[in-house]
Amino acid sequence: MRHGSVFLMVWVLLMAPFRVEAETDAPGPKEVRTVEYVDLNRYAGKWYQIAFFPTFFQGKCTIDTTATYGLLPDGRVSVLNECRTPKGKYRSITGTARVVDFDSNAKLKVKFFWFAPAGDYWILDLDPNYQTAVVGSPDRKFLWFLARTPSIPKSRYDQLVNAAAGQLFDVSRLQLTSTLQPN
């Protein structure tokens, strides 16, 4: 009977996540949506962080924060994140991103260390001229507002906030990186 008990315990542990999911199958927040299509050639280049959800991995990178993307010959995207700390210290990190949804190019996985898991990088809003973007994760834990210029008009910032709020991101967590221009 001992083997039967071990089998039952293993079965219960393996099936527990499915049981909980079935029991909590109530309607939840709607799925995060990306833009229909991203031309990665147009998306490549330098972006300034306008606002973000504070994260442990971003540390004290709260001044002059930029992300520069480039296309690699193997189809991946190079990533260079740079910033200055409040004490003026320069910091940077490089990584790569790979597209995981080739129909839209709007869902990527970004990796900065060979041993670390890749993170979700979903392009949720992008203006037609590729001047501003909202990037986030499908679990709504991460959010960034990016622009081709170090600051944007407050009216455009408000539009980005509304786009994120419309996707049920907790926009009260946003922290400005840049000053906003008057409308």
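Procedures and definitions
Along each chain, residue indices are assigned from 1 in the same order as the chain's sequence is written. At least 70 in pLDDT is required for a residue's local features to be given in this predicted model, at least 80 for side-chain atom pairs to be given and counted, and no such filter applies to totals for whole chains, interfaces and linings, which use all residues. Side-chain numbers here rest on the full set of heavy atoms in the structure, without hydrogens or water. Only one rule defines a salt bridge in this text: a Lys or Arg side-chain nitrogen within 4 Å of an Asp or Glu carboxyl oxygen. Runs of H or I in DSSP of at least four residues are treated as helices and runs of E of at least two as strands, each being numbered from the N terminus. Accessibility here uses a 1.4 Å probe with only protein chains present; expressed as a share of the type maximum, an area under 20% marks a residue as buried, one over 50% as exposed, and anything in between as partly exposed. Any two strands between which DSSP finds at least two bridges are classified as paired. The criterion for an aromatic pair is that two Phe, Tyr or Trp rings (for Trp, the six-membered ring) have centres within 6.5 Å, with stacked assigned to planes under 30 degrees apart, edge-to-face to planes over 60 apart and tilted to the rest. Here, over-ring charges are defined by two tests on the NZ atom of lysine or the CZ atom of arginine: distance to the ring centre within 6 Å, and angle to the ring normal within 35 degrees. What makes two residues a contact is simply this: any of their non-hydrogen atoms within 4.5 Å. The pLDDT value expresses, per residue, how confident the predictor is, ranging between 0 and 100. Only buried Ala, Val, Leu, Ile, Met, Phe, Trp, Tyr and Cys residues count toward a nonpolar core, and they belong to the same one when joined by side-chain atoms within 4.5 Å. In this scheme, a helix's expected span is set at 1.5 Å multiplied by one less than its residue total. In this description, one arc is meant: the one made by directions from the helix axis to the C-beta atoms.

Topic: the pattern of salt bridges
Phase 1: Considering all chains together, one arrives at 4 salt bridges under this definition.
Phase 2: Across the pair Lys109 and Asp120 runs a salt bridge, and its minimum N-O distance is 2.9 Å. Taken as a pair, Lys109 in strand β5 (residues 107–111) and Asp120 in strand β6 (residues 119–126) lie far apart in primary sequence, 11 residues in all.
Phase 3: You can call Asp120 partly exposed: its relative accessible area is 29%.
Phase 4: The salt bridge partner of Asp125 is Arg156, with a shortest N-O separation of 3.3 Å. Pair noted here: Asp125 is in strand β6 and Arg156 is in helix α3 (residues 154–166), with a separation of 31 residues, a long-range link.
Phase 5: You can call Arg156 buried: its relative accessible area is 18%.

Regarding the pairing of β5
Phase 1: Note that strand β4 (residues 90–99) and β5 share 4 bridges and pair antiparallel. Bridge assignment links Ala97 to a residue of β5, and that residue is Val110.
Phase 2: Sheet analysis places β5 next to β6, joined by 4 bridges and oriented antiparallel. Looking across to β6, one finds that Leu108 is bridged to Tyr121.

Some details on the packing of aromatic side chains
Phase 1: As enumerated under the stated definition, the model contains 6 aromatic pairs in all.
Phase 2: Residues Phe142 and Trp144 carry aromatic rings whose centres are separated by 6.1 Å and whose planes lie at 5° to one another, so their mutual orientation is stacked.
Phase 3: What makes Phe142 partly exposed here is its relative accessible area of 23%.
Phase 4: The structure contains a cluster of three or more aromatic residues connected by ring pairs, namely Tyr43, Trp47, Tyr69 and Tyr121.
Phase 5: The ring of Trp122 carries Lys107 above its face, with NZ or CZ at 4.3 Å from the centroid.
Phase 6: When the ring centre of Phe53 is taken as origin, the NZ or CZ atom of Arg173, which lies over that ring, is 4.1 Å away.

Regarding the environment of Phe112
Phase 1: By the secondary structure assignment, Phe112 is in the loop between β5 and β6.
Phase 2: Placed 33 residues apart in sequence, Phe112 and Val79 show a C-alpha to C-alpha distance of 8.5 Å.
Phase 3: Excluding residues within four positions of it along the chain, Phe112 makes contact with Val79, Asn81, Ile93, Thr94 and Gly95.

Digging into the confidence of the model for the protein chain
Phase 1: A residue-level look at the protein chain finds 81% of positions with pLDDT of 70 or above and a mean pLDDT of 83.
Phase 2: Scored below 50 in pLDDT, residues 1–24 makes 0 contacts in the model with residues more than four places away or belonging to other chains.

Section: the nonpolar core
Phase 1: Core analysis: the largest hydrophobic core is formed by 23 residues, its most contacted members being Val38, Tyr43, Tyr69, Tyr121, Ile123, Leu126 and Leu146.
Phase 2: Sorting elements by how many residues they give to this core places β6 first, with 3 residues.

Regarding α3
Phase 1: End to end, α3 covers 18 Å across 13 residues, agreeing with the expected 18 Å (1.5 Å per residue, within 8%).
Phase 2: For α3, the set of buried residues is Arg156, Tyr157, Leu160, Val161 and Ala164. An end-on view of α3 places all buried positions within 145° of arc, on one side of the element.
Phase 3: Where α3 is buried, its residues contact β1 (45–52), β6, β7 (132–136), β8 (143–147) and β9 (175–176).

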